[in-house]
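Residue strings, one per chain:
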Amino acid sequence: MSPYTGRFAPSPSGPLHFGSLVTALASWLDARAAGGRWLLRIEDVDGPRTVAGAEALILADLERHGLHWDGEVLRQSRRTAVYEAALAQLQAAGRLYACTCSRARLAASGAASGPAGLVYPGFCRNAGHAQAPGRALRLRIDDAMTVGFTDRLQGPQAQCLGREVGDHVLRRADGLIAYALAVVVDDGAQGVTHVVRGADLLTSTPRQIFLQQQLGLPQPAYLHLPLVTDARGDKLSKLTRAPPLPGGDPRPALHEALAFLGQPQPPAGLSATELLERAVRAWDCNSLPASPGRTWAGTLTLATGP
Ligand code: GLU
Ligand code: ZN
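A. Just the pairing of strand 8 (residues 146-151), in detail. Side-chain alternation along strand 8 places Val147, Phe149 and Asp151 on a buried face and Thr146, Gly148 and Thr150 on a face that remains uncovered. The hairpin turn running from strand 8 into strand 9 (residues 155-160), its antiparallel successor, is three residues long.

B. The sheet that holds strand 1 (residues 5-8), seen in detail. Across the sheet, three strands lie side by side as 1-2-3; this open sheet has parallel pairing. Edge positions in the open sheet fall to strand 1 and strand 3 (74-75), since each of these has one partner strand only. Strand direction decides the pairing type here: strand 1 and strand 2 (residues 37-42), joined by four bridges, are parallel. Of the residues in strand 2, the one forming a bridge with Gly6 is Trp38. Packed onto the sheet, helix 1 (residues 18-33) meets strand 1 and strand 2 and runs at close to 150° relative to strand 2.

C. Molecular detail of the coordination of the zinc ion (ligand 2). For the zinc ion (ligand 2), the full set of protein donor atoms is Cys99 (SG), Cys101 (SG), Tyr120 (OH) and Cys124 (SG), and the range of their distances to it is 2.1 to 2.3 Å. Motif for the zinc ion (ligand 2), donor spacing along one chain: C-x1-C-x18-Y-x3-C. An identical accessibility class is assigned to Cys99 and Cys101; each is buried.

D. Fine view of the sheet that holds strand 10 (residues 169-171). Read across the open sheet, the three strands follow the order 4-7-10; overall the sheet is antiparallel. The open sheet is flanked by strand 4 (96-99) and strand 10, the only strands paired with a single partner. The mean inter-strand angle of the sheet, taken between neighbouring strand axes irrespective of direction, is 45°. Where strand 4 lies against strand 7 (residues 136-139), four bridges are found, and the strand directions are antiparallel. Bridge pairing in strand 7 links Cys99 to Ala136. Across the sheet, helix 3 (residues 80-92) is in contact with strand 4, strand 7 and strand 10; its angle to strand 10 comes to roughly 130°.

E. How the structure looks around the pattern of salt bridges. Applying the stated criterion across every chain, the model contains 16 salt bridges. In this structure, Arg172 and Asp174 form a salt bridge, with 2.7 Å as the shortest nitrogen-oxygen distance. Three or more residues are tied together by salt bridges with common partners; here these are Arg7, Arg41, Glu43, Arg79, Asp186 and Asp187.

F. Structural context of the packing of helix 8 (residues 251-260) against helix 9 (residues 272-282). The contact between helix 8 and helix 9 brings their axes to 10 Å, and the two run at 15°. By the angle between their directions, the pair helix 8 and helix 9 is classed as roughly parallel. Helix-helix and strand crossings are classified by hand; for helix 8 and helix 9 the assignment is left-handed. Packed against helix 8, whose contacting residues are Arg251, Leu254, His255 and Leu258, the element helix 9 presents Ala272, Leu275, Leu276 and Ala279 at the interface.

G. View of the site of ligand 1. Lining the immediate surroundings of ligand 1 are Arg7, Ala9, Ser11, Glu43, Tyr179, Val183, Arg197 and Leu201. The backbone of Ala9 places a nitrogen or oxygen atom 2.7 Å from a nitrogen atom of ligand 1. In the model, a nitrogen atom of ligand 1 is placed 2.6 Å from a nitrogen or oxygen of the Glu43 side chain. For ligand 1, whose unbound accessible area comes to 300 Å², protein coverage reaches 79%. Residues belonging to the shell around ligand 1 are distributed by class as follows: four nonpolar, one polar and three charged.

H. Here's a closer look at the side chain of Asp44. Mapped onto the elements, Asp44 comes out in the loop between strand 2 and helix 2 (54-64). Of the buried charged residues, Asp44 lacks a salt bridge, with Arg75 as the closest side chain of opposite charge at 5.5 Å. Separated by 2.7 Å, the side chain of Asp44 and the backbone nitrogen of Ser77 make a polar contact.

I. Representation of the side chain of Arg79 in the model. Secondary-structure assignment places Arg79 in the loop between strand 3 and helix 3. Overall, the relative accessible area of 13% leaves Arg79 in the buried class. In contact with Arg79, not counting residues within four places along its chain, are Leu74, Val185, Asp186 and Ala189.

J. Main features of the packing of aromatic side chains. A complete count under the given rule lists four aromatic pairs for this structure. Between the aromatic rings of Phe18 and Phe260, the centroid separation amounts to 6.4 Å while the plane-to-plane angle is 85°, which identifies the pairing as edge-to-face. Here the residue Phe18 occupies a position in helix 1, and Phe260 occupies one in helix 8, the gap between them amounting to 242 residues. Summarising the burial analysis for this pair, Phe18 and Phe260 share the class buried. Seen from their ring centres, Tyr120 and Phe123 are 6.1 Å apart, and the 85° between their planes marks the pair as edge-to-face. Residue classification places Tyr120 among the buried positions, given a relative accessible area of 7%. Lying over the aromatic face of Phe123, Arg105 brings its terminal NZ or CZ to 4.0 Å of the ring centre.

About the cut-offs
Residues numbered from 1 in each chain as written. Chains lettered and ligands numbered in written order. Predicted model: local features only at pLDDT ≥ 70, side-chain atom pairs only at ≥ 80, totals over all residues. Heavy atoms only, no water. Buried < 20%, exposed > 50% of the residue type's maximum accessible area, 1.4 Å probe, protein only. Helix = DSSP H or I, 4+ residues; strand = E, 2+ residues; numbered from the N terminus. Pairing = 2+ DSSP bridges. Contact = heavy atoms within 4.5 Å. Axes fitted to C-alpha atoms, helices over the stretch in contact; angles between N-to-C directions. Donors = N, O, S within 2.8 Å, 3.2 Å for Na, K, Ca; no water. Salt bridge = Lys/Arg side-chain N within 4 Å of Asp/Glu carboxyl O. Parallel < 35°, antiparallel > 145°, perpendicular 65-115°, else oblique. Left-handed = near helix turned anticlockwise from the far one by under 90°. Near = heavy atom within 4 Å. Polar contact = N/O pair within 3.5 Å; in protein donor to acceptor, adjacent residues only side chain to side chain. Areas by Shrake-Rupley, 256 points an atom, 1.4 Å probe, with all protein chains shown as cover. Nonpolar A, V, L, I, M, F, W, Y, C, P; charged D, E, K, R; others polar. Lys, Arg positive; Asp, Glu negative; His and termini not counted. Phe/Tyr/Trp six-rings, centres within 6.5 Å; stacked < 30°, edge-to-face > 60°. Lys NZ or Arg CZ within 6 Å of the ring centre and 35° of its normal.

Coordinates in, geometry out; function isn't part of it.
Quick look at the structure:
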């Protein structure tokens, strides 16, 4: 078995845009250059945000751009029992507690805002509420808990989870599993050794590493790519209605994504397959631009959305 397993993990909230192509291409190139496997996982754990038809568009776009994945597509919506088993493991280790706080109570507490939003003030931490439907489950984070890691591109990172993240919700009152838990359980189940994804998730990585440690899962290597931003400096995203990738010939988009990633331009006139083979041979993650945000005024991103 190859020592490298990578993955691309889109949320099916809309079609791929230039920013998601950059992420998919970089993680595919990094895997293929290492002779590794590249898996595809559909992150539809958040049912209400899933857009009908988006998954089919994403799969078709990946195929059209020559980014073929290995094995079966994993879908988070089918894995609730696996996430529940992980919650039971955390519960047995004394890491979970039920929370009965209403939104109004949390808002009135004036809890400090961290990168994760509200840092929970711990009202229910020692209340001993029983787990019950309609009650959220929170992860107990010791106040001084700090987690560090070295990102392959962004360098050394450290975060005090106690101060900046706090006791966050792993299962919402309505039963929805938190993305952080699903991603950690799935990366572990899929044997992912290398995560290549957007820098918007850089500050979510320490809490994922903490969960890996609590669940006894190995820690993958991380590389957080610069984000493609629009002229206003906002991240291209499905939520800001970034234009979908143009249809037809995939090569202009591939050339542009390689340029964004600081990789050499393959000569014109190659087939998409040849272009990607060249790009695999030339792949050099030391040429990646490290700045977490990068405005890109390429022709693809200037195209207007629907
Ligand atoms: N599903 C996440 C997204 O679409 C990516 C998660 C990950 O790569 O860990 O932004
Ligand atoms: Zn509470």
